[in-house]
Amino acid sequence: MVSPPFSSSSDNTATNETVPLCFSINSPPFRYNHTIASASFSAVFSGLGLSSNLFALVVLAKTFHQTKSRSRSSFLLFLGGLVFTDFMGLMVTGSIVVSFHVTQFNWRQLDPHCHFCNFMGMSMVFYGLCPLLLGATMAVERFVGINRPFSRSMNMSNSRACSVVAMVWVTAGCISLLPLAGLGNYHLQMPGSWCFLNISSKPLDMTFSLIFSLVGLLSLVVSFVLNTVSVITLLRVCCGQDGHQRRRDYEVEMMVQLILIMVIASICWCPLLVFIAQTVLSGSKLEVRYLLLWLRFATGNQVLDPWVYILFRRSILKRIYPRMDWSRGSIVSLYPSLRKLTRGSLGGTLGHSQHGPENLDGFRQGEPSMAESTSAS
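About the cut-offs
Residues numbered from 1 in each chain as written. Predicted model: local features only at pLDDT ≥ 70, side-chain atom pairs only at ≥ 80, totals over all residues. Heavy atoms only, no water. Pairing = 2+ DSSP bridges. Helix = DSSP H or I, 4+ residues; strand = E, 2+ residues; numbered from the N terminus. Phe/Tyr/Trp six-rings, centres within 6.5 Å; stacked < 30°, edge-to-face > 60°. Buried < 20%, exposed > 50% of the residue type's maximum accessible area, 1.4 Å probe, protein only. Expected span 1.5 Å × (residues − 1). Patch = residues over 30% accessible without salt bridge, like charges linked within 9 Å, V, L, I, M, F, W, Y side chains within 5 Å. Areas by Shrake-Rupley, 256 points an atom, 1.4 Å probe, with all protein chains shown as cover. Salt bridge = Lys/Arg side-chain N within 4 Å of Asp/Glu carboxyl O. Disulfide = S-S within 2.5 Å. Axes fitted to C-alpha atoms, helices over the stretch in contact; angles between N-to-C directions. Parallel < 35°, antiparallel > 145°, perpendicular 65-115°, else oblique. Left-handed = near helix turned anticlockwise from the far one by under 90°. Contact = heavy atoms within 4.5 Å.

Trainee: Explain the pairing of strand E1 (residues 186-189) residue by residue, including any values.
Mentor: Where E1 lies against strand E2 (residues 194-197), 4 bridges are found, and the strand directions are antiparallel. Its bridge partner lying in E2, histidine 187 is registered against phenylalanine 196. In this structure, the hairpin formed by E1 and E2 is closed by a connection of 4 residues, where glycine 192 is found at a positive phi of approximately 95 degrees.

Trainee: Which residues make up the packing of aromatic side chains, and what values do they have?
Mentor: In this structure the tally under the stated criterion is 10 aromatic pairs. Arranged with centres 6.2 Å apart and planes meeting at 50 degrees, the rings of phenylalanine 84 and tryptophan 169 form a pair that is tilted. With a gap of 85 residues between them, phenylalanine 84 in helix H3 (residues 70-103) and tryptophan 169 in helix H6 (residues 158-176) connect regions that are remote in the sequence. When its relative accessible area of 38% is taken as the criterion, phenylalanine 84 is described as partly exposed. A relative accessible area of 29% means that tryptophan 169 is categorised as partly exposed.

Trainee: Mind laying out helix H5 (residues 115-147), listing which residues take part and the relevant values?
Mentor: Taking 1.5 Å of rise per residue, 33 residues should cover 48 Å, and H5 covers 47 Å from first to last C-alpha, within 8% of that figure. Within H5, 27 of the 33 residues are buried, which leaves the element mostly enclosed by the surrounding structure.

Trainee: Explain unusual backbone geometry residue by residue, including any values.
Mentor: Backbone geometry at cysteine 114 places phi at a positive 70 degrees, although glycine is not the residue there. Locating cysteine 114 in the fold gives a position in the loop between helix H4 (107-110) and H5. Take cysteine 114: its relative accessible area is 6%, and that puts it in the buried class.

Trainee: Could you give an account of a nonpolar patch on the surface, naming the residues involved and the relevant values?
Mentor: Where nonpolar side chains cluster on the molecular surface, the patch consists of Leu218, Val221, Phe224, Val225 and Val229 and spans about 440 Å² of accessible area. Looking at where leucine 218 falls in the secondary structure, it is placed in helix H7 (residues 203-239). When its relative accessible area of 54% is taken as the criterion, leucine 218 is described as exposed.

Trainee: Got a sec to walk through the state of the cysteines? Specific residues and values, please.
Mentor: Using the criterion set out here, one finds 2 disulfides in the structure. Two residues, cysteine 22 and cysteine 114, share a disulfide whose sulfurs are 2.0 Å apart. In this structure, the disulfide formed by cysteine 22 and cysteine 114 twists by about -85 degrees around the S-S bond and is classed as left-handed. Taken together, the positions of cysteine 22 in the loop between helix H1 (9-12) and helix H2 (39-66) and cysteine 114 in the loop between H4 and H5 put the pair 92 residues apart, joining distant regions of the chain. The exposure classification of cysteine 22 matches that of cysteine 114, with both residues buried. Sulfur-sulfur distance for the disulfide between cysteine 117 and cysteine 195 comes to 2.0 Å. When the S-S torsion is -115 degrees, as for the bridge of cysteine 117 with cysteine 195, the disulfide is left-handed. Remark: cysteine 195 occurs in strand E2 and cysteine 117 occurs in helix H5; sequence separation between them is 78 residues. Like cysteine 117, the residue cysteine 195 is buried in the burial classification. In the protein, the cysteines engaged in disulfides, taken in order along the sequence, are linked 1-2, 3-4. No disulfide involves cysteine 270; its sulfur sits 9.8 Å from that of cysteine 268, the nearest cysteine. Here cysteine 270 falls in the partly exposed class, since its relative accessible area comes to 25%.

Trainee: Tell me about the pattern of salt bridges, and please be specific about residues and values.
Mentor: Summed over the entire model, instances satisfying the criterion amount to 2 salt bridges. The closest approach of N and O atoms between glutamate 141 and arginine 142, which form a salt bridge, is 3.0 Å. Neither glutamate 141 nor arginine 142 differs from the other in exposure class; each is buried. Here glutamate 287 ties to arginine 289 by a salt bridge, and the two come within 2.7 Å at their closest N and O atoms.

Trainee: Before we move on, can you summarise the packing of H5 against H6 with the specific residues and values?
Mentor: In helix packing, the relevant descriptors are the interaxial angle and the interaxial distance, both defined with respect to the helix axes. Here H5 crosses H6 at 140 degrees, and the two axes come no closer than 8 Å. If you check the angle between H5 and H6, you find them oblique. Note on packing geometry: the crossing formed by H5 with H6 is right-handed. In this structure, H5 contributes Met122, Val125, Phe126, Leu129, Cys130, Leu133, Leu134 and Thr137 to the contact, and H6 contributes Val164, Val165, Val168, Trp169, Thr171, Ala172, Gly173, Ile175 and Ser176.

Below, the structure is given as structure tokens:
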């Protein structure tokens, strides 16, 4: 299939010196008609994604205010940061794309100095990397909480969790600013509705393209490895010789959500990330139709992420698997040796507390035990 014709800078100007950098390869007006690049696709994706993420944010906020577990609060903050990032990404980039399809504005006239195009290109990179980096961060947090429950003197506080989310945003923001520092460029892309990094084999463009792709792919690999180890640990403890111990709903809920987030991110982002890396390394011509197709796949990640939490909360999982013992508690109680350690070291203190010794094995409604406070459930 041959890409439809489009106007380039050489068709509209006599010399390249008069063409702004972001229009030096593709310059309006464009003549590219494809279903996947239509206004209906953009409107449906943006509308569905915004409404889904907004609904998920409301549910997350309600759950966060009701939870008593510090570690679960941290996980909800990470998840909230992910959903909020997806919401903002769709609102910023989607509004520009939909506005173009509605008004058919001319980029050259609206943005003669490429400021608007650079902003959208930065937004595409920033809101693309943030979910992948946040997914890897959540995988690290769950890995430490499940496999090294006593490696931290206390669970991650809410303020520290917010700081980690902010660090992820700063990291993604720094990467998105690299073209403004001279490493790569942002260019207007067909059908003229969006700007993105310039995917070419030129040294600077290739370097930035590889940074974007490899950071995203590395985040997925880290998520896969750590989540796999965490799931194996839970299965080994719950289904092994100590399977009579009470299973813990929070660990199951969080790991199910995290695994689904990883799977969705891998399916949605791997084609685009691999396509970019393969294109720049092979030096082949950019296939616009594939770029648009894989970009739609990546956009689907922002639409599907919120439904992971909406559909796979503890209340829904109870209905899917009612035979499971959905008692509350922490990962500490899954390990008999850790339970004995907790009893021996904390039993004397807790035995004289107002909560009573029964809190060694679990926690009362609304009152987490000492073991729960030091666990990573």
